[in-house]
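Observations on the three-dimensional arrangement
The residues making up each chain are set out below.
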Amino acid sequence: MKFVVLTDTHFVARGRRIYGLDPAERLSAAVARINREHPDIAFVIVTGDLAHWGEEPAYDNLASVLAGLRAPTMLMMGNHDKREAFAKFFPGVPRDANGFVQTMQVFEAATIVTLDTLNEAAPDHSGLLCDARLAFLEHALAEAPADRPLLLFQHHPPFDTGLRYMDTIRLANPDAEWEVIARTRTPDYLFMGHLHRPISGVWRGIPYHIQRGLAHQVAFDLVAEGHIPGSHEPPDYAHVSVEADRIVIHQCSFMYDGPLFSLHDSVALHRVSF
Ligand SMILES: [Fe+2]
């Protein structure tokens, strides 16, 4: 199974920009590239912060751009989202019995579990898994087929990464999530957004991948505190393939418009410049 991961699209109303960037322009470029080069993917998943201010015109704008995508989408909530405004423009997105935007979807190659870590009551943008959402996670981990990998997706990381301000707005109750995992099943892979940087590692034995954002980026700065350092580093989407013995994650810098050449081309090898 193959799929694409995008995150932190931070959409605004049509024609508006944010930190000098137009998220619709960037997502349109990603959609065109995905349609052209990945016709065999099962879905595109966007791991939250769909809209920057969570307002209806932003979700309207997002819906019109995603309408151009040929693959099905899975859309998740991030700290900038608003569930009710989102639902008006994405009425078909499944919710759990308590209204949270989280699902378990079983594919032949893997089970996909998405969590809704949005805490709309948190002014600081930290995430939360309340008792109802922890119960959903426990049920999903217990009921997922044992014969295939389980990939867990959530917006907020449940651990510190050294990005100092971002560490203050991670998932607020990681121990509660871990307790559920420890007594049911360990996911085979954990995918997240929120940090607007490409980060990978292992959390309590679970390999994880944090996707670079689609819109503005968080700068690689492990010193700054009290604010979030930003940058205009180009965005990526991840192309993920899941096979019986491996998971492979490639990053595609879909806005790159520089030279493309063969490393076997002796003319290119000796060129002074392109
Ligand atoms: Fe974000």
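In this text, all values refer to a predicted model and were calculated from it rather than measured experimentally. (Residues numbered from 1 in each chain as written. Predicted model: local features only at pLDDT ≥ 70, side-chain atom pairs only at ≥ 80, totals over all residues.)

**Here's the deal with the sheet that holds strand β6 (residues 150–154)**
Read from one edge of the open sheet, six strands run β4-β5-β6-β7-β9-β8, paired in mixed fashion. Both edges of this open sheet fall to β4 (104–106) and β8 (199–203), since each of them pairs with a single strand only. Across the sheet, the axes of successive neighbouring strands diverge by a mean angle of 20 degrees, strand direction being ignored. In terms of strand pairing, β8 meets strand β9 (residues 206–210) through five bridges, oriented antiparallel. Paired with Ile199 across the bridge in β9 is Ile210. (Pairing = 2+ DSSP bridges. Helix = DSSP H or I, 4+ residues; strand = E, 2+ residues; numbered from the N terminus. Axes fitted to C-alpha atoms, helices over the stretch in contact; angles between N-to-C directions.)

**Structural notes on the packing of helix α4 (residues 131–143) against helix α6 (residues 174–183)**
Describing two packed helices takes the angle between their axes plus the distance from one axis to the other. Contact geometry for α4 and α6: axes closest at 9 Å, N-to-C directions at 25 degrees. Relative to α6, α4 is oriented roughly parallel. Helix-helix and strand crossings are classified by hand; for α4 and α6 the assignment is right-handed. Touching Leu134, Leu137, Glu138 and Leu141 of α4 are Ala176, Glu177, Val180 and Ile181, all from α6. In terms of residue class, the contact of α4 with α6 is built from six nonpolar, no polar and two charged. (Parallel < 35°, antiparallel > 145°, perpendicular 65-115°, else oblique. Left-handed = near helix turned anticlockwise from the far one by under 90°. Contact = placed C-beta atoms within 7 Å. Nonpolar A, V, L, I, M, F, W, Y, C, P; charged D, E, K, R; others polar.)

**Examining the pairing of strand β13 (residues 246–252)**
Judged from the seven bridges that link them, strand β12 (residues 237–243) and β13 form a sheet pairing that is antiparallel. Its bridge partner lying in β13, Tyr237 is registered against Cys252. Once β12 ends, the chain turns through two residues before running back antiparallel as β13.

**A look at α4**
The end-to-end C-alpha distance of α4, which contains 13 residues, comes to 18 Å, matching closely the 18 Å that a straight helix rising 1.5 Å per residue would cover. For α4, the full list of buried residues reads Arg133, Phe136, Leu137, Ala140 and Leu141. Along the axis of α4, the buried positions cluster into a sector of 125 degrees, meaning they face one direction only. Structural note: α4 exposes Asp131 and Ala142 on the side pointing more than 90 degrees away from its buried face. (Expected span 1.5 Å × (residues − 1). Buried ≥ 20, exposed ≤ 12 C-beta atoms within 10 Å, placed from the backbone. Arc of directions from axis to C-beta.)

**Some words on the nonpolar core**
With 60 residues, the main nonpolar core has Leu6, Ala30, Leu50, Val113 and Phe153 as its most contacted residues. The element best represented in this core is helix α1 (residues 23–37), accounting for five residues. Ignoring any residue separated from it by four or fewer positions in sequence, one finds Leu6 in contact with Ala30, Val44, Val46, Leu214 and Tyr237. (Core = buried A, V, L, I, M, F, W, Y, C linked by C-beta atoms within 7 Å.)

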